[in-house]
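Observations on the three-dimensional arrangement
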Amino acid sequence: MEELARSRGSESRSSTSEQETADLAYNNLKRQELESENKKLKKDLNELRKSISERASENDSSKELQDSYNLLLSQLRSANEELDGRKEEVLILRTQIVSTAHIRENNQPIQQSSEAPEVSEDKEPLDSEEALKAYHGLRESKKLLEAQLQTQSRQHGDELEALHTQIELLRDDIEKKQEILSYTASLSPEARVEYSVQQEITRLTNDNLDLKELVEKLEKNERKLKKQLRIYMKKVQELEASQAAAQTSRSRPALSRQVTVQRKEKDFEGMLEYYKEDEALLFKTLITNIRPNTVSATVPCLPAYILFMCIRHADYVNDDQKVESLLTSTINAIKKVLKKNNEDFEMTSFWLANTSRLLHCLKQYSGDEAFMTQNTGKQNEHCLKNFDLAEYRQVLSDLSIQIYQQLIKVAEGIIQPMIVSAMLESESIPSLAGVKTMGYRNRSSSMDVDSGGPATYTLQALIRQLGQFHGTMRDHGLDPEIVGQVVRQLFHCVNAVTLNNLLLRKDVCSWSNGMQLRYNTSQREEWLRANNLSHSKAAETLEPIIQAAQLLQVKKKTTQDAEAICSLCSALSTQQIVKILNLYTPLNEFEERVSVSFIRSIQTRPQQRHDPPQLLMDTKHMFPVLFPYTPSALSLETLHIPASLGLDFLIRV
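The shown structure was predicted, so the numbers you read here are calculated from the model rather than taken from an experiment.

Below, the discussion takes up a negative patch on the surface. Together, Glu82, Asp158, Glu159 and Glu161 make up a region of like negative charge exposed at the surface. Ranked by residues supplied to the negative patch, first place goes to helix H3 (residues 117–185) with three residues. Judged by its relative accessible area of 38%, Glu82 falls in the partly exposed class.

Structure representation (structure tokens):
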């Protein structure tokens, strides 16, 4: 049995030694390969360093290139040093492996002969296990070091390739600069300056294109982030509204008891209180989600009155943070609603009326004597006690002007396609329907938009649209002075577009069109009188059109006619008068054209007026808007809030 155990031990030791020998041979081969590869890389690096130094010495005139070469050389040297360090680590590892193998070979005979047989039976397995563990540990460390060496070799190869690429780029750059230098040296000084300017322009153009591309990417990213922000804000608002609704439902019994007590004692002072957590729900209900038809059957400008009553209570309890939050959130919410409905005339008119009414309330109840002259005694008792909101009044005034401009823009966009067809092409006088100017008798007659002509409108369609605008503003409670300014601005737009087309179209410059134009203008004057808008100064904007229509109808032959035309057409410039006379077209062959001598007499006649330099009228001209102070006769304590608005969380104080 002992001999059998010894034979098995010797066999295991022999197999182990054979495996160690094979591993050592493999390591030697691997090491030799790595050493040869390192020598080759080192040789390439030396050649590359030599070529770089030679080229750098050839181009000593360029300091910038010399610095670039020095940087590359320093990088190469650092890579070389790191490679030498790795090589030393490999040699140290190899020495350790060889020394370990020699120690094991020397220990094996001693272990076989020094101890008794029974003792060797106990220690031989233990020594072999320790040796195997040490061997496996060395193998693992060897593999780890090999992997590290391969990684470093790959990194070194990548760095070397990158350096080669940089050298090629620098070489190309040097060649280009040498070509440019040789080319510029052959040019004259003037041509050299011009060439350098062109090169700089080309460089700046390329930089500009790169910056534009970067800006486009940033804008795209900004739009994406804004979209995500809107989504998150909407989720947050919904969450706040749901929490506010839950809080309101929890506190509802106490709220109803408080309101009941106040109504019973008839002690309502025209103020509204709300809890802080209900503020988001207040703006969402009263501003963001409200539609004009929701409050059409109530007091005009009801949202403005409700907001002011909330402001009064915050002033009453001397809560400056609540006042600031109320006014700031109100202004921001109105801006968001108008931005969302920037093409809706009804919504724009609704918030113009409410914003201006809130502004009037801040003035009426400010406590300033200038705004208290028309107040009742009860209204004077409701004036603000603790805060001066003059700065917020200015902000609301600016906001009202912005809403007014948006309202004009929306209305002009609606009536713009209707103007030419309604004012110059529609045949509202039946007796003139068959009268056509020479050369234009085959033109089809205009049709109302309702009768199948999709691109044509009659005068009645235009007047109906103006009536809808007026009725909407009146129903929303907009001040009559502001309504008049809106009508005046729209009349100016209609007149400017009409006159500009008259000055550019020969087919509408005739006696019959003058009659038609005068009739259409008189219909608009009648509309102004029927709607009590004579005070709006809108009729004054009709003068150029009226005078142009009269110019088409009067005699245009003698010197006395020229004098009459000059005195009659005071709202038209000489340039416009001459243009209409040149475009004037006879009705038939029996009517004479305006003579050149007559037109020349108009031009040479001394004028005592300041004519504008341009021929056409400015269709985008905006008259200055004014918001006159208009106090309200409504008593705040009598205001009723309908339950349909969903504002039952407000507490009457």
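A few words on the pattern of salt bridges. Two side chains with opposite charge may pair up if their charged atoms get near one another. Here the structure, examined in full by the defined rule, presents 15 salt bridges. As a salt-bridge pair, Lys276 and Glu279 come within 3.6 Å of each other at their nearest N and O atoms. Its relative accessible area of 54% is what places Lys276 among the exposed residues. Taking the shortest distance from any N to any O, the salt bridge between Glu381 and Lys378 comes out at 3.7 Å. With Glu381 and Lys378 both in helix H10 (residues 377–381) and three residues apart, the pair spans about one turn of that helix. Relative accessible area serves as the criterion here: at 47%, Glu381 is assigned to the partly exposed category. When its relative accessible area of 32% is taken as the criterion, Lys378 is described as partly exposed. Sharing partners across several salt bridges, the network here consists of Glu200, Arg203 and Asp207.

Attention now goes to the confidence of the model for the protein. Chain-level statistics for the protein give a pLDDT mean of 81 and a share of 79% at 70 or above. Within the model, the stretch residues 252–266 combines pLDDT values under 50 with 13 contacts to residues more than four positions away or in other chains.

With that settled, the discussion passes to unusual backbone geometry. Backbone geometry places Cys301, a non-glycine residue, at a positive phi of 65 degrees. Topologically, Cys301 is positioned in the loop between helix H6 (279–288) and helix H7 (302–316). Residue Cys301 is classed as buried on the basis of its relative accessible area, which comes to 7%. We note that Lys537 has phi near 65 degrees; this positive angle belongs to a residue other than glycine. With respect to the secondary-structure elements, Lys537 resides in the loop between helix H14 (511–530) and helix H15 (543–553).

Cut-offs applied
Residues numbered from 1 in each chain as written. Predicted model: local features only at pLDDT ≥ 70, side-chain atom pairs only at ≥ 80, totals over all residues. Heavy atoms only, no water. Patch = residues over 30% accessible without salt bridge, like charges linked within 9 Å, V, L, I, M, F, W, Y side chains within 5 Å. Areas by Shrake-Rupley, 256 points an atom, 1.4 Å probe, with all protein chains shown as cover. Salt bridge = Lys/Arg side-chain N within 4 Å of Asp/Glu carboxyl O. Lys, Arg positive; Asp, Glu negative; His and termini not counted. Charge placed at Lys NZ, Arg CZ, Asp CG, Glu CD. Helix = DSSP H or I, 4+ residues; strand = E, 2+ residues; numbered from the N terminus. Buried < 20%, exposed > 50% of the residue type's maximum accessible area, 1.4 Å probe, protein only. pLDDT = per-residue confidence, 0-100. Contact = heavy atoms within 4.5 Å.

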